[in-house]
Amino acid sequence: MNGKSSIQIDPSAVTSCLESDKQESIPSELQLKWIVGFLLLYFALRLVFYAVTISDFVPPDEVTHMGLCRIFSQVLLLPENSPETYRYGLVTNVPWLYYWVMGKLLLLNLFGMSDLLFLRLINIPLAFGTVYFVWRTLRLLTIDPLPQILLIVAMTNTSMFTFLSASVSYDNLTNLLAAMSVYYLMSFFQNRSPHLLAGSLLCQLAGCMTKSSFLPLVLVLNLLLVVHEFRNIRAFGPAMTAYLHDRSRRSIALLLAISFFMLLNLHLYGGNLLGYKKIAPEMSAVLSPEIAMQYRISARDTIFTLFKEQSISYDQALLMASYIEHPGDQGAVVYLVRNYLQYLYSGANLMGPFSYIVPWGKQMLSSVFGISGHLAMFNEWPTILPVVILMLLTALAVLIRCRPKRDGLLPSFLGIISALYGIFLMYGVNYRIYVYFASFPIALQGRYIFPVIGPLYVFSCFYLLRLFNGKYARFSITAAAALVLIASDFPFFLTHATPGWFSMPLK
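What you see is a predicted model; the values in this text were computed from it and never measured.

(A) How the structure looks around the layout of surface pockets. What the second largest pocket holds in volume is close to 1,100 Å³. What lines the second largest pocket is a set of 34 residues, among which L365, M391, S418, L456 and S460 lie closest to the centre. Those elements that provide at least two residues to the lining of the second largest pocket are helix 7 (145-156), helix 19 (357-368), helix 20 (385-401), helix 22 (409-437) and helix 23 (453-464). Among the elements that line the lining of the second largest pocket, the one with the most residues is helix 19, at eight residues. Across the lining of the second largest pocket, the residue classes tally to 27 nonpolar, six polar and one charged.

See below:
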């Protein structure tokens, strides 16, 4: 591909930005390495602390994820639905890449530690990989050390991200693949190497085989690709054709991997559409409703639906809920049934789409900078106030300093990725669930925004530190923002955690 004739970003804007960054290099490159090294060490120590001490009933759905990893460790390829698997939900017709990888790694647990602790520790490198590729994305925009420091602080001191990173969860692989997909696509826009575009497509396909919520991100990224390349379509087509005929080892390996994961996606999602008219069918559609009741999430939704449709009484719903083994989901059923009954008798109206935005934002914020699992530790007023002030300053900086012609298109693209995915999450997922259950907090957790936490943080750090031009002003706002973020993470956890959060994971 001829990079000189097809680059869409203004090279002079990028060059002047990088030269300006070098001139304002505070702290020095050596000091930057020491600071980043300390931040990453602090991150690692906290993750190990969480992995060793947190009860296995606290992290979101960890009991299910752990059970599925064990199931996948017992077979060479893919397991089938069986009485042994029913309580963990479907093992077919669902994305399985995380469980397959963890299941195979579980066979390497030769150290005498529990399987749960082993997999928690295995998940930690996924978090470091996510931080690394998010940092690489920022480096496409600037080499200024202050945004880099602030970005590392933000990524490693976001409470829910930190807590989740030391848990057994497919979100960790999802977040890594999302960060890689964004980085390689943005790097392709800047450097024009077909290998980078192929790497992004491969990560996108792998992400879809990890979690179905990756699909909207794939749609957003490929819409940006089409928009960006539209004016250059005459050069883009022949360049991609030439790449398909490239016989280098790297090209062949990438194309084979893309083809393989494309077939896996077609088999999974195409098969679901043909067989069940949905890309993600319910367990009761694949297996019998009686079998589906053995899975705690399916049982929760089934009991509520039966009560909502007046097929069972209030007392029958509570009786059915008593058979759910997981205390968190058993309590969720009781709450949903009682809340819906109260909603019917109160005659209250549900929030409209626009009035939903503010409470949705508050809940997301409190569970991103707090912790939401089977126990909750929401960061609310007044402790969330410093974070809110920091967000308002960032919004002000974007309004004042965002100039796509000067900054290049990459920062704007990162903002668009974050905004479109957030809108889909709010209306395509959370609002729809809210209307169905007549319950605001159900399935509304900050971790669902994490596939775009990288673009969001890169965009924010890039513009926040452009709010002020003076070196010392920029250094001061970096230090203040870092203190706010650090205080909102581990110190917040230690001052709010009760004994119920802790238990040695020996199972």
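(B) The arrangement of the pattern of salt bridges in detail. A complete count under the given rule lists 14 salt bridges for this structure. Between D489 and R46 there is a salt bridge, with its nearest N and O atoms 2.3 Å apart. Taken together, the positions of D489 in the loop between helix 24 (471-487) and helix 25 (490-496) and R46 in helix 3 (residues 29-53) put the pair 443 residues apart, joining distant regions of the chain. R46 matches D489 in its accessibility class, with the two residues each being buried.

(C) Broad picture of the nonpolar core. Counting 130 residues, the largest nonpolar core has M186 and I417 as its most contacted members. If you tally residues by element for this core, the top one is helix 9 (residues 170-191), at twelve residues. When sequence neighbours within four positions are dropped, the list of residues in contact with I417 reads V182, M186, L217, V220, L221, L224, V452 and P455. Counting residues in each nonpolar core, the second largest holds 17 residues, with I303, I312, V333 and A438 among its members.

Calculation rules
- Residues numbered from 1 in each chain as written.
- Predicted model: local features only at pLDDT ≥ 70, side-chain atom pairs only at ≥ 80, totals over all residues.
- Heavy atoms only, no water.
- 1 Å grid on protein atoms, 1.4 Å probe; cavity = no way out; pocket = protein on both sides within 12 Å on 5 of 7 lines; lining within 4 Å.
- Points joined across faces, edges and corners; volume = space filled by probe spheres on them.
- Helix = DSSP H or I, 4+ residues; strand = E, 2+ residues; numbered from the N terminus.
- Nonpolar A, V, L, I, M, F, W, Y, C, P; charged D, E, K, R; others polar.
- Salt bridge = Lys/Arg side-chain N within 4 Å of Asp/Glu carboxyl O.
- Buried < 20%, exposed > 50% of the residue type's maximum accessible area, 1.4 Å probe, protein only.
- Core = buried A, V, L, I, M, F, W, Y, C linked by side-chain atoms within 4.5 Å.
- Contact = heavy atoms within 4.5 Å.

This is a description of form; function is not addressed.
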